[in-house]
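Structural overview for review
Chain residues, written in single-letter form:
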Amino acid sequence: MIEHVIETDLEPAVMGLTFGVELRAASEPGFDPQDLGRRIGDFLPVGSKSDAELCDELRLVAAFEAKLAGYKTELVIALASKRPPRRGEPLDEMWGPGEVQLPQPSEFFPDELSHVLHLSRTAATDLAETANVLHTRCRETWGRLADGRLDWPRARAIAAELGWPAKDLPDRVVAAVEAEVLPRATELKIRGLRELVRARLLAHGVDLSEQRRRRAESTGNVTVQPGYDGMAELRVRMPVAQARACRDAADRYARMLRADGDPRPLGLLRADMIAQLILRPWDTTRPAVTAQLSITAPLSCLRAGSKQVAAVDGQPITSDHLREILTELDAVCPGGLQAPAGGSLHISLVDPISGELRAVLTRAELETLVRRGCPDHSGESCDCPVLDRPDPVDRYRPSAAQYRFVRTRDRTCRWPGCTNAAAWADLDHVTAHACGGPTDCANLCCLCRRHHRIKTHEPGWLFVMTDDGVLTVTSPAGISRTTWPPGMHSDSTEPPPF
């Protein structure tokens, strides 16, 4: 940082003292990761502060957090303006509501924002949309936020109510409601603030409840939220009437089981009935659907008393739980492990030191290799390699063995933070095939369709992968994130900041 120093002497007529005034004009400092190791409490110790001083300091910190949030939205908008959409790219109607609009960014801007801030794409999209509303339709709200007079949760609540739901309203109506709400914003809870905004809109003859309902219904989805101790939550977002009806049906069937003498807890019976009603293993009138469940475990997990940890779709389970699942799937037999009906069994050979995946094969392939042994030293003991990753192929499309190896190695999309399953991902050439990149496992990784499109069509992104599958993704602004294949040991002991 270059500093320009100007010194002057002032002689005020106060006790004949001379004060030296130093003015410094410095260039803007860049982000220095070393600053992250310096704690504010080391310079402003809290132990000696009184109760009143602690409260004053907390209020000051809250004001600075608001100021930083306001500055953050400015940074988001500025970065978005540098990411114009590609020619022919469809415009997003949710960017720039109302009459005053900002230039619309690329459809992949939320992905870059999530990459920079290490957020989920959903959180990054919400941040970008809120920043857009604050800088177009709710400038007074943004001003109070940037001045430290309104906190981020309340500013975001106002933007949520006056943003997309009110996109068809004239700006003068939005400005009038904003002016009526802001004087009371700091005294209300978040829910009360949102209700006040809706009440003032109604006072102006505007009812947006139907628009909000239609948008909310469009967000319906089914997700799995990992829990603990081998449990997870199946979450279904649907209209309230459907949700109530589904829960009531599960409850009634559960009570019928209880009346028939099933001693299990009622909550467990409800959960079991939901699974039965969805999977319907007895129903042969519908098209067959095979659910995919990926179980990853070391062979030692199958031994009684093992303390090794297995995983179901990435969620850890105990070895006892693993044996229960495999028994239920008929994958355990007197002859050892076998593929369950309608499923597959792959055996992965992993380097015990680095955790690097070396080979993936079926049980039959492994048995054949064991019987055949080394072709050059039949019947002898040797150190010749007889098994490794699949060979490269001289074409664009990977071989079936390469699909199996790379999907086993990656397990999910390799974009940093993405958890889309590898089974639904594309096998992408890290160095493009058209640019001479080989169709080799050392140049292939799993990318979901969206992140595959970013790599292919969005300029400025750089993907680099090492021979053992360590992938580094660098954004157009130079922000790098590195992902390691699951189970592989990272050489870095300190994760990158943010």
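Structural notes, computed from the coordinates. These numbers were taken from a predicted model, which means no experiment stands behind them.

Remarks on the overall build of the protein chain
- Secondary structure summary: the protein chain contains 15 helices and 16 strands in total.
- Roughly 32,100 Å² of accessible area belongs to the protein chain as shown, and the carbon and sulfur atoms make up 55% of that amount.

A closer look at the packing of helix H6 (residues 152-162) against helix H7 (residues 171-185)
- For the pair H6 and H7, interaxial distance at closest approach is 12 Å and the crossing angle is 155 degrees. By the angle between their axes, H6 is roughly antiparallel relative to H7. Regarding H6 and H7, the two cross each other, and that crossing is right-handed. Of the residues in H7, those in contact with Arg-154, Ile-158 and Leu-162 of H6 are Val-174, Val-177, Glu-178, Val-181, Leu-182 and Ala-185.
- In terms of residue class, the contact of H6 with H7 is built from 7 nonpolar, no polar and 2 charged.

Remarks on helix H11 (residues 266-279)
- The end-to-end C-alpha distance of H11, which contains 14 residues, comes to 20 Å, matching closely the 20 Å that a straight helix rising 1.5 Å per residue would cover.
- Where H11 is buried, its residues contact helix H10 (240-259).
- Residue Arg-280 follows H11 closely and has a positive phi angle near 45 degrees.

Some details on the pattern of salt bridges
- The final tally for this structure, using the stated rule, is 37 salt bridges.
- Here Glu-107 makes a salt bridge to Arg-453, at a shortest N to O gap of 2.8 Å. Of this pair, Glu-107 sits in the loop between helix H2 (51-81) and helix H3 (109-117) while Arg-453 sits in helix H15 (residues 449-457), and the two are 346 residues apart along the sequence.
- Between Arg-264 and Asp-262 there is a salt bridge, and its shortest N-O distance comes to 3.0 Å.
- Taken together, the shared-partner salt bridges connect Glu-356, Arg-358, Asp-388, Arg-389 and Asp-467 into one network.

Re the sheet that holds strand E14 (residues 462-465)
- Spatially, E14-E15-E16 is the arrangement adopted by the 3 strands of the open sheet, whose pairing is antiparallel. Pairing within the sheet leaves two strands with one partner each, and these edge strands are E14 and strand E16 (480-483). Sheet twist, expressed as the average angle between the axes of neighbouring strands with direction ignored, equals 15 degrees.
- Pairing analysis gives 4 bridges linking strand E15 (residues 471-474) to E16, with the strands arranged antiparallel. Among the inter-strand pairings, Val-473 is bridged to a residue of E16, identified as Arg-481.
- Its contacts with the sheet put H3 on E15 and E16, and the angle it makes with E16 is roughly 80 degrees.

Remarks on the nonpolar core
- If you look at the biggest cluster of nonpolar residues, it comprises 39 residues, and the most contacted ones within it are Ile-158, Leu-162, Leu-169 and Leu-201.
- Broken down by secondary-structure element, the contributors of at least two residues to this core are H2, H3, helix H4 (121-136), helix H5 (139-146), H6, H7 and helix H8 (190-203).
- Apart from the residues within four sequence positions on either side, Ile-158 is in contact with Cys-138, Thr-141, Leu-150, Val-181, Leu-182, Ala-185 and Leu-193.

Structural notes on the packing of H10 against H11
- The contact between H10 and H11 brings their axes to 8 Å, and the two run at 115 degrees. By the angle class used here, H10 and H11 are roughly perpendicular. Along this stretch, H10 crosses H11, giving a crossing that reads as right-handed. Facing Cys-246, Arg-247, Ala-250, Asp-251, Tyr-253, Ala-254, Arg-255, Leu-257 and Arg-258 of H10, the residues of H11 in contact are Leu-266, Leu-269, Arg-270, Met-273, Ile-274 and Leu-277.

Some points on the sheet that holds strand E5 (residues 295-296)
- Spatial strand order, E5-E6-E7: 3 strands in an open sheet with antiparallel pairing. The open sheet has two edge strands, E5 and strand E7 (315-317), and neither has a second partner.
- Relative to E7, strand E6 (residues 310-312) is paired through 3 bridges, and the arrangement is antiparallel. Residue pairing in the sheet places Ala-311 in a bridge with Pro-316 of E7.
- Strands E5, E6 and E7 of the sheet are contacted by helix H12 (residues 319-328), whose axis makes an angle of about 95 degrees with E7.

Cut-offs used in this document
Residues numbered from 1 in each chain as written. Predicted model: local features only at pLDDT ≥ 70, side-chain atom pairs only at ≥ 80, totals over all residues. Heavy atoms only, no water. Helix = DSSP H or I, 4+ residues; strand = E, 2+ residues; numbered from the N terminus. Areas by Shrake-Rupley, 256 points an atom, 1.4 Å probe, with all protein chains shown as cover. Axes fitted to C-alpha atoms, helices over the stretch in contact; angles between N-to-C directions. Parallel < 35°, antiparallel > 145°, perpendicular 65-115°, else oblique. Left-handed = near helix turned anticlockwise from the far one by under 90°. Contact = heavy atoms within 4.5 Å. Nonpolar A, V, L, I, M, F, W, Y, C, P; charged D, E, K, R; others polar. Expected span 1.5 Å × (residues − 1). Salt bridge = Lys/Arg side-chain N within 4 Å of Asp/Glu carboxyl O. Pairing = 2+ DSSP bridges. Core = buried A, V, L, I, M, F, W, Y, C linked by side-chain atoms within 4.5 Å. Buried < 20%, exposed > 50% of the residue type's maximum accessible area, 1.4 Å probe, protein only.

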